[in-house]
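Below are the chains, spelled out letter by letter.
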Amino acid sequence: MSTERTVRFSLNGRAVKAHVASHESLVQVLRDRFDLFGSRESCGQGLCGCCTVIVDGKPVSGCLYLASFLDGTSVQTIEGLAPADDRLDPVQEAFIEAGAFQCGFCTPGFILMTKHLLAENRAPSDDDIRHYLTGNLCRCSAYPEIVAAVKLAATKQRGG
Amino acid sequence: MASQTLTTPAMPAGQVGRSIPRLEAAAKVTGRAEYVHNMSLPGMLHGKIFRSVIPHGKIKHLDLDAARAVEGVFLVAAIDDIRKVIAHPYYGPAFHDQPILADGKVRYAGEPVAVVLADEAHIAEEAAGLISAEYEELPGVYDEVEAHGAQVFVHDELKPAATFPDLAHLLGRRDTNVALDFQLRRGDADAAFAAAEHVFEHHFRTQPTMHTPLEPFVSIADASGGSLTLHTASQNPSFVRIEIARLLGWPENRVRVKVPYLGGGFGGKLYIKLEALVTALSLIARRPVKISLTMQEQFFMVMRHAATIRIKSGVDKSGRITARSCEVWWNGGAYADIGPRVTQKAGFTAAGPYDIDNVELNSYAVYTNRTPAGALRGFGAPQTCWAYETHTDMIAAKLGIDQLAFRRMNLLHDGRPQATGTILRDAAIDKVLDRVAERMNWGTPLERGTGRIRRGRGIAIGFKGITAPTTSVAMINLYADGSCGLYIGTVDMGQGSDTCMAQIAAEVLNLDAESIKVIHPDTDVTPYDMGTLGSRSTFHMGTAVRLAALDANQKIAALAEELGVPPNSNLPFSELLRRKYRMQAGNIIGIGSFIPGYDKPDQETGQSANVTPFWGVGGSGAEVEIDIETGEFKVTKLVNVADVGAAINPKLLAAQLSGAAIMQLGFTTSENMLYRDGQLTNGSFADYKIPCLLDMPAVFINEFVESRQHDGPFGAKGAGESTTIAVSPAIGNAIADAIGVRLMDLPLTAEAIHGAILAAGIGGDDEH
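Just so it is clear, the structure is predicted and the values come from calculations on it, not from any experiment.

Describing the packing of helix α16 (residues 537–562) of chain B against helix α17 (residues 573–581) of chain B
All names here are of chain B.
Right, on to step 1. Contact geometry for α16 and α17: axes closest at 10 Å, N-to-C directions at 45 degrees. Taken together, the axis directions place α16 and α17 in an arrangement best described as oblique. At the point where α16 passes α17, the crossing takes the left-handed sense. On α17, the residues touching Ile556, Leu559 and Ala560 of α16 are Phe573, Leu576 and Lys580.
Right, on to step 2. Partitioned by chemical class, the residues of the contact of α16 with α17 number 5 nonpolar, no polar and 1 charged.

Below, the structure written as structure tokens:
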């Protein structure tokens, strides 16, 4: 029923390969082959942003992205964001300082999207942030704190 | 003396009241926090559920052969298979009415009928799609009021659980859909209505909604060697252990329940959800079994009660409410879950936070052929508040009294009896209302507009009782190196309990909160806790933690005395342990256990001298802008104020209040589980819209008032639900203020507003 193929790609900066079946999604492969749990399937329809993964510099819904297409790509997950075990990315620091999460399940998706937003726009307004992150859902509704965290992260990244 | 050579640790004073980040913050921002979602065990099978497609019927035939023939399928199970390991496979916290899989009959569309186990989830899913069932369809009952008197019965007879003694009289009752009938009588409502200057009566409805935690329900069972370990996304591990042990006929010590972080709960992940099913399957398969629901499947698990509420008030010449009667029908769905408790707890506050001498309340838990209903952030209080605060606003408008003034005139104050007769204490209802009014600039006129865009504002206030009597036990383990572990059954599902409990322990033990390790629920390790629900943890578990820390301090003092160390020497306990055991060894263990006082309400009158451990109080104010041509509207300002006692961690608390209010904003303006002929038509995020960043009101204020719960830990009480209570009526009242038309049913949508505007003929002539 399903065919397997081997895909070679870069995962958080390291060359990896995996044998994947045609039905498997990126989020399943990250979970089942690489023990990376930060991108999470939640709504299963690409509507909540919990499964966000950066592929070739662009955020994708990991639950809808077929793993077969990974060959030759560069994949970044939340686990690859912190520069060291004892040091966090400024966006991660900002999310902690602003208290921008409660249960934490959606947080990796928000952080990766924020990373991408700040790469495009160094000083986003409240409105920019709300529109850019509107595809990420937080059921604990830490939205005011998330907006504050993104602004704080922007300041940190600008060296402010 | 040796003590003089030791450095006394700096006093980390003021642990309570510090806004420290969550203890697990780094784990959550790096994606490494532990959830059941992440877990797998060696040899684990994945289960997929085959569900009923009809709302009510007898199962005539179930064809499992095609599923069994799929390569990679390990097992396909129906109720007869479950019975081989659990002879009486019915569970529930209030009634033992829910079968682990459908037992000859299905009672709602989406009910689990069979399960496929396979090594890989996608094989199980494919095989489950090959199962077919034939049913003899039965007429269904879906509406809570119709079901109350219907001749179609969801259950043949009532089966109350022995754990709730106040339900014992319902045992064996037949030919009814009413699982519980709570009533309260205070004063003489009939006489007061007859004597009243004005009598008002209105009917309200609230819609079914779902918790939709972003981590969908997930449980793993691992049964081997006569014992069982469950890893489950549960809000009450102690209950899971007790109920699973009961089903199996095992002692509690053979059932171990472990809970890591939860990706949200909101009342959904309570009692038994997938735990009984995975337990039975693991016993049959003799391998670990995991079932992870999809977001779509969550809508078939549990929901918030829809309700129909009739409310009637008598008012005297001066504007005092002299009598109020309420009848509440709760749509409980096919299985009782905790619905009977919602019926009772939200029942006794259904007349609102007002000082009314004559009160008559009837509250009915009604079975219907829908998804079972249970607890959702407020235990029914947001539903009843929708009714009483809209009703109260309508009375004020009719009498020509300012909405705030009318509420102040009738407000219930500390020292006065609530409808149950319990004397109100430490409920800052007046302060909350004052703060809402202040933040809404209520005294300043609002420009309402005369053209296409109209503006309005509204306020509302509500309260809730807390489930009682319930127990929490905490344990503190002081290790020989001077570090500390806190062992509690409270589940951190995002509310920040790990952090707050560590702060309480740290305050008493004179440690830094960040240095304390909170050991997550593991029923083999952590002591009993009734559950993480109903705003109870800070008050109940917080008190138990405080007592455990005091107990540890007493044991430190006793050890110092035993060793001949003078009092007030400030020797660290690690040094005391070293002196006693002559090496880094031993422990000091403090235990704290707490159950608040409670007086069971009288069966006939609902009267009680002590009906709740504390009162949750929440007030809201809203401003709206409405386009009267389309009905589209925006909540431009939302103010939420709660009485939470003293704040253990003000920043976490403010986020919790804000989050609860936004959740209720969704339940007010967009979320609605739409049923047609007993079938849910919008059970996914594609059609069921929860709030996103763009739904945030432009002005959004969340505050708590200065107050103190006299018997709470450091003056604190619970806060998880308070700002859900009054959001809906505040917005509804603002809409009425803007367009002069009342919406009586939730949710408040553009379509509903447009319909109401058309019906009332507003705006038409000035525009054309």
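Some details on the sheet that holds strand β2 (residues 57–63) of chain B
Strand pairing in a sheet relies on backbone hydrogen bonds, with the paired strands running either antiparallel or parallel.
All names here are of chain B.
Right, on to step 1. Spatially, β6-β2-β8 is the arrangement adopted by the 3 strands of the open sheet, whose pairing is antiparallel. Of all the strands in the sheet, just β6 (105–106) and β8 (132–137) have a single pairing partner and so form its edges.
Right, on to step 2. Relative to β6, β2 runs antiparallel, the two being bridged by 2 bridges. Each bridged residue has a counterpart across the sheet, and for Lys58 the counterpart in β6 is Lys105.

Comments concerning the domain arrangement of chain B
Residue and element names in this part refer to chain B.
Right, on to step 1. Segmentation of chain B into domains returns domain 1 (46–138), domain 2 (211–298), domain 3 (303–467 + 602–767) and domain 4 (470–594).
Right, on to step 2. Between the C-alpha centres of domain 1 and domain 2 the distance comes to 18 Å.
Right, on to step 3. Across the contact, 16 residues belong to domain 1 and 17 residues belong to domain 2.
Right, on to step 4. The set of elements that each furnish at least two residues to the side of domain 1 that touches domain 2 consists of β1 (45–51), β3 (73–77), α4 (79–83) and β7 (112–118).
Right, on to step 5. Among the elements that take part in the side of domain 1 that touches domain 2, β3 stands out by supplying 3 residues, more than any other.
Right, on to step 6. For the side of domain 1 that touches domain 2, the residue count by class is 12 nonpolar, 2 polar and 2 charged.

Remarks on the sheet that holds strand β18 (residues 358–366) of chain B
Residue and element names in this part refer to chain B.
Right, on to step 1. Taken together, 5 strands build an open sheet; the order of strands is β9-β18-β17-β16-β10 and the sheet is mixed. The sheet is open, and its two borders are formed by β9 (178–186) and β10 (198–206), each paired with just one other strand. Strand-to-strand twist across the sheet, computed as the mean angle between neighbouring axes with direction ignored, equals 5 degrees.
Right, on to step 2. Along the sheet face, helix α12 (residues 381–399) touches β10, β16 (306–315) and β17 (321–331) and points at about 145 degrees away from the line of β10.

What counts, and at which threshold
Residues numbered from 1 in each chain as written. Chains lettered and ligands numbered in written order. Predicted model: local features only at pLDDT ≥ 70, side-chain atom pairs only at ≥ 80, totals over all residues. Axes fitted to C-alpha atoms, helices over the stretch in contact; angles between N-to-C directions. Helix = DSSP H or I, 4+ residues; strand = E, 2+ residues; numbered from the N terminus. Parallel < 35°, antiparallel > 145°, perpendicular 65-115°, else oblique. Left-handed = near helix turned anticlockwise from the far one by under 90°. Contact = placed C-beta atoms within 7 Å. Nonpolar A, V, L, I, M, F, W, Y, C, P; charged D, E, K, R; others polar. Pairing = 2+ DSSP bridges. Domains from an automatic or database assignment.

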